[in-house]
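Each chain, letter by letter, is given below.
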Amino acid sequence: MSALEQTAAPVAPTGQDSPLTVRFDHVTHWYGNVVAVNDISLELGPGVTGLLGPNGAGKSTILHLLSGFLSPSRGSVTIDGVGPWRHPDVFRTVGLVPERDSVYAFLTAREFVTASAKLHRLPDPKAAAERALDLVEMEQAADRPIQTYSKGMRQRAKVAAALVHDPKVLLLDEPFNGMDPRQRLHMMDLLRGLGEQGRTILFSSHILEEVEKLADTVQVVVAGRLAASGDYRTIRRLMTNRPHVFVLRSTDDRALAGVLIASSAVQGVSLTADGLEVHASDHGTFTRELAKVTRDAGIGLREVVPSDESLESVFAYLVGS
Amino acid sequence: MYNSTVAWISFRALFGRRRALLFVLPALVLIVITLVLKNAHGTQSDWPALVLGRVGVGAVVPLTALLVGTSVLGSEIDDNSVLHLLATPVPRRDVIVSKIAVSAVTTMLFAAVPVLIAGIIAQGPHKLAFGCFLGAVLGSIVYSCLFVLISAALRHPVIYALAYVAIWEQLIASLVGGAKYLSVEQWSLGIAHSVSSSGGLDSHLTFTPSIVLSVIAVVLTTWYASERLSAFTVRAD
């Protein structure tokens, strides 16, 4: 059974009918004199959202504000209209996977997840724990003390404990830390499946590849500020002050370079070993005109690759600026 | 208010750490002192009241409660494992009550019961042993509330709890007359004296104020500890 098929069965029957809205409204948080989060407003809905930023950018602070383990110095944080600070009841619908490795290491994973189910007062804690362990593929090792686990296995035990009550909102702080590639892929499938089922998933990461593979939308945090929000390809296209870079392959790259440089949407072209590198100042006009001008010039266009539309490029631009 | 899952995790955490070995040390010292004095003086003189009062109720109970009370919550806050407990809808008051219950029962086991055993070794099944046992039971409960509160409210709870025992209980309460009304040791000795009528106990309070003040302390510390845990914040790295 694949991870996606497994997630189709809810862990506990709390109902998935109405997705919850997570909202930050002009939130600021200080640690003493240090501003960790600076006037952030955002809204999260169902699906997987990646919280991306360099170390120390404020990602964990945002997750702790959302889980009620920090209070906003200014602004408001709400989950379905309720502020999580001093309201532990929000954990009926919220699951949290903290970053730190501290866990009740003397318990086995089965004991740990069952205890979590009991603390959530689930009607059948053992069955809920078994389903959660099954989701993260921990059944085989579930009776070993957590202190004997690798870091990746501990992460999976923490995820199982956070999923045991079938939360509508799942917050994960660097969830892929310490996981091997197979575990990482499985966890991505699991989270993607949960997002497709209508849950609101927010995970933080400083690893671009993880966010790019998994997240429907990204929230880029740099130095406590929200640098960008949304689909990263859309974010990239909105960065009109930076030329869009494409690599083209054609039947005659040199001739194509001559044709393209005449276009007002193109800032520059250069012939490289990989093909013709084009710097377009206007993404929309360039992509609309490209097919026409090559056809008119009698040049066959073989390949068009946007080379800076990756999340890595977007992130580099945002952090650099 | 009492959550059995929180208590179960707390017991497992308490006895899963090497620090648990320390719990027996104060009791062991009390038993050894009692055996040595029993050999030296038999049942003559007033040494049993001094040992049970000063060493048992006055030192073994607060030290054991300190070790246990700061472990049941303080250690989890220190290593952040408490996040797994708090990332659930369990009311914070229930967490505190369960932690206090675990601390009080463990302290009774490792301090109040040894006081009873020491009393029986010293004088046989006498009123003094039973009175000091009841005083130690009361002390186990009140000290547990206090040390769990310190763990919920302050970083480095062991240092603050030790300062409280050494400075307030042992120094100020024995020197300043009015401070005796705010001394857990005096409340415990008040109970012990009321039951045993032993003049050798350095008790300055009677039964009623000891009980009333203890109940007030338990209610206030439990309430404030719950408030502090409700406002628990994750520390910045």
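Parameters at a glance
Residues numbered from 1 in each chain as written. Chains lettered and ligands numbered in written order. Predicted model: local features only at pLDDT ≥ 70, side-chain atom pairs only at ≥ 80, totals over all residues. Helix = DSSP H or I, 4+ residues; strand = E, 2+ residues; numbered from the N terminus. Rg over C-alpha atoms; globule rule 2.2 N^0.38 Å. Buried ≥ 20, exposed ≤ 12 C-beta atoms within 10 Å, placed from the backbone. Contact = placed C-beta atoms within 7 Å. Nonpolar A, V, L, I, M, F, W, Y, C, P; charged D, E, K, R; others polar. Pairing = 2+ DSSP bridges. Axes fitted to C-alpha atoms, helices over the stretch in contact; angles between N-to-C directions. pLDDT = per-residue confidence, 0-100. Core = buried A, V, L, I, M, F, W, Y, C linked by C-beta atoms within 7 Å. Domains from an automatic or database assignment. Parallel < 35°, antiparallel > 145°, perpendicular 65-115°, else oblique. Expected span 1.5 Å × (residues − 1).

K.L.:
Sorry, what's going on with the overall build of chain B here?
P.N.:
Within chain B, the secondary structure is distributed over ten helices and zero strands. Moving toward the C terminus, one meets the helices and strands of chain B in the order α-α-α-α-α-α-α-α-α-α. Taking 237 residues into account, the globule formula puts the C-alpha radius of gyration at 18 Å, and chain B, at 18 Å, falls close to it. Scored against the burial criterion, the 237 residues of chain B give a buried share of 51%.

K.L.:
When you look at the overall build of chain A in this model, what are you seeing that I'm missing?
P.N.:
Regarding its fold elements, chain A presents eleven helices and 13 strands. In terms of overall dimensions, chain A has a C-alpha envelope of 70 × 50 × 35 Å along the principal axes. Relative to its full complement of 321 residues, chain A shows a buried share of 45%. By sequence separation, contacts in chain A at least 24 residues apart represent 71% of the contacts at least 6 residues apart.

K.L.:
Sorry if this is basic, but what is going on with the interface of chain B and chain A here?
P.N.:
The figure often quoted for interface size is the accessible area lost as the parts come together. Contact with chain B, which involves 22 residues of that partner, is made by 25 residues of chain A. Sorting the residues of the side of chain B that touches chain A by element identifies helix H1 (4-15) and helix H5 (82-86) of chain B as the ones contributing at least two each. Top contributing element to the side of chain B that touches chain A by residue count: H1 of chain B, with four residues. Per-class residue counts for the side of chain B that touches chain A are eleven nonpolar, eight polar and three charged.

K.L.:
How do you make sense of the sheet that holds strand S1 (residues 22-31) of chain A when you look at a structure like this?
P.N.:
What links the strands of a sheet is backbone hydrogen bonding, and the strands pair in either a parallel or an antiparallel sense. All names here are of chain A. Strand order in this open sheet of three strands is S2-S1-S4, and the pairing throughout is antiparallel. Edge positions in the sheet fall to strand S2 (34-44) and strand S4 (74-79), since each of these pairs with one other strand and no more. Within this sheet the neighbouring strands show an average axis-to-axis angle of 25°, counted without direction. Relative to S4, S1 runs antiparallel, the two sharing five bridges. If you follow Arg 23 over to S4, its bridge partner there is Thr 78.

K.L.:
Teacher, can you tell me more about the confidence of the model for chain B here?
P.N.:
Close reading of the predicted structure is inappropriate where its pLDDT is low. With 99% of its residues at a pLDDT of at least 70, chain B reaches an overall mean of 93. Across chain B, element-level confidence peaks in helix H10 (residues 207-230) of chain B with a mean pLDDT of 97 and bottoms out in helix H4 (residues 74-78) of chain B with 90.

K.L.:
Sorry, what's going on with the nonpolar core here?
P.N.:
Across soluble globular proteins, nonpolar side chains have a tendency to be buried as a group. Grouped together as the largest cluster of nonpolar side chains are 149 residues, with contacts concentrated most on Val 113, Ala 157 and Ala 160 of chain A together with Ala 111, Val 115 and Val 148 of chain B. At 17 residues, the largest contribution of residues to this core is made by helix H7 (residues 127-153) of chain B. Discounting residues that sit within four places of it in the chain, Ala 111 of chain B has contacts with Pro 26, Ala 27, Val 60, Val 61, Thr 64, Ala 65, Ala 136 and Ser 140 of chain B. If you look at the next biggest cluster of nonpolar residues, it comprises twelve residues, including Leu 248, Leu 276, Val 278 and Phe 286 of chain A.

K.L.:
When you look at unusual backbone geometry in this model, what are you seeing that I'm missing?
P.N.:
Apart from glycine, the bulk of residues carry a negative phi angle, and the bulk of peptide bonds sit in the trans form. Even without being a glycine, His 26 of chain A presents a positive backbone phi close to 50°. In this structure, His 26 of chain A sits in strand S1.

K.L.:
Is there a simple way to think about the domain arrangement of chain A in this case?
P.N.:
Residues and elements named next belong to chain A. Here the domain parsing of chain A yields domain 1 (3-230) and domain 2 (237-320). Computed from C-alpha coordinates alone, the two centres of domain 1 and domain 2 are separated by 39 Å. At the junction of the two partners, domain 1 supplies ten residues and domain 2 supplies six residues. Broken down by secondary-structure element, the contributors of at least two residues to the side of domain 1 that touches domain 2 are helix H7 (208-214), strand S8 (217-222) and strand S9 (225-230).

K.L.:
Would you explain the sheet that holds strand S11 (residues 266-272) of chain A in this entry?
P.N.:
Residue and element names in this part refer to chain A. Within the open sheet, the four strands sit side by side as S11-S12-S10-S13. Their pairing is antiparallel. In this open sheet, the two edge strands, each paired with only one partner strand, are S11 and strand S13 (301-306). The mean angle between the axes of side-by-side strands here comes to 20°, regardless of whether they run parallel or antiparallel. For strand S10 (residues 244-250) and S13, the ladder comprises five bridges, and the chain directions are antiparallel. Pairing of Val 247 across the sheet is with Val 305, part of S13.

K.L.:
Teacher, can you tell me more about the environment of Glu 210 of chain A here?
P.N.:
All names here are of chain A. For Glu 210, the location among the structural elements is in helix H7. Considered as a pair, Glu 210 and Gly 50 are 160 residues apart in the sequence and their alpha carbons are 8.7 Å apart. Ignoring anything within four residues of it in the chain, the contact list for Glu 210 reads Phe 176 and Ser 205.

K.L.:
Could you clarify how one ought to interpret the packing of helix H2 (residues 24-41) of chain B against helix H6 (residues 92-123) of chain B in this entry?
P.N.:
Two packed helices can be described by the angle between their axes and the distance between those axes. All names here are of chain B. Contact pair H2 / H6: the axes reach a minimum separation of 9 Å and the direction vectors enclose 5°. With respect to each other, H2 and H6 are oriented roughly parallel. Facing Val 24, Pro 26, Ala 27, Leu 30, Ile 31, Thr 34, Leu 35 and Lys 38 of H2, the residues of H6 in contact are Phe 110, Ala 111, Pro 114, Ile 117, Ala 118, Ile 121 and Ala 122. Within the contact of H2 with H6, the residues separate by chemical class into 13 nonpolar, one polar and one charged.

K.L.:
Please clarify how the confidence of the model for chain A should be interpreted in this entry.
P.N.:
Of the residues in chain A, 92% reach a pLDDT of 70 or more, and the chain-wide mean stands at 86. Below a pLDDT of 50 lies the segment residues 1-16 of chain A, which in the model reaches 32 contacts outside its immediate sequence neighbourhood of four places, other chains included.

K.L.:
I tried to follow the pairing of S2 of chain A on my own but got confused; where do I start?
P.N.:
Each regular strand shows side chains that alternate between the opposite faces of the sheet. Residues and elements named next belong to chain A. Sheet analysis places S1 next to S2, joined by seven bridges and oriented antiparallel. Paired with Trp 30 across the two strands is Val 35, which belongs to S2. Hairpin connection from S1 to S2: two residues lie between these consecutive antiparallel strands, with Gly 32 at a positive phi of about 65°.

K.L.:
Could you clarify how one ought to interpret the environment of Val 195 of chain B in this entry?
P.N.:
Residue and element names in this part refer to chain B. On the secondary structure map, Val 195 appears in helix H9 (residues 184-196). Val 195 sits in the partly exposed class, given 18 other C-beta atoms within 10 Å. Discounting residues that sit within four places of it in the chain, Val 195 has contacts with Lys 127, Phe 130, Gly 131 and Leu 134.

K.L.:
Before we go on, may I ask you to explain helix H5 (residues 151-163) of chain A in this structure?
P.N.:
One full turn of an α-helix is made of 3.6 residues, so residues set three or four places apart face in the same direction. Over its 13 residues, H5 of chain A extends 18 Å from the first C-alpha to the last, a length consistent with the 18 Å expected when each residue adds 1.5 Å. Burial analysis of H5 of chain A places eleven of its 13 residues in the buried class, which makes it a mostly covered element. Of all the positions in H5 of chain A, only Met 153, Arg 154, Gln 155, Arg 156, Ala 157, Lys 158, Val 159, Ala 160, Ala 161, Ala 162 and Leu 163 of chain A are classed as buried. Where H5 of chain A is buried, its residues touch strand S5 (94-97), helix H3 (109-119), helix H4 (125-135), strand S6 (169-173) and helix H6 (181-196) of chain A together with H5 of chain B.

K.L.:
For this particular structure, what's the right way to read H2 of chain B?
P.N.:
All names here are of chain B. Between its first and last C-alpha atoms H2 spans 26 Å; for 18 residues at 1.5 Å apiece the expected length is 26 Å, and the two agree. The inward-facing, buried residues of H2 contact helix H3 (47-72) and H6. Looking one or two residues beyond H2, the residue adopting positive phi is Gly 42, at roughly 60°.

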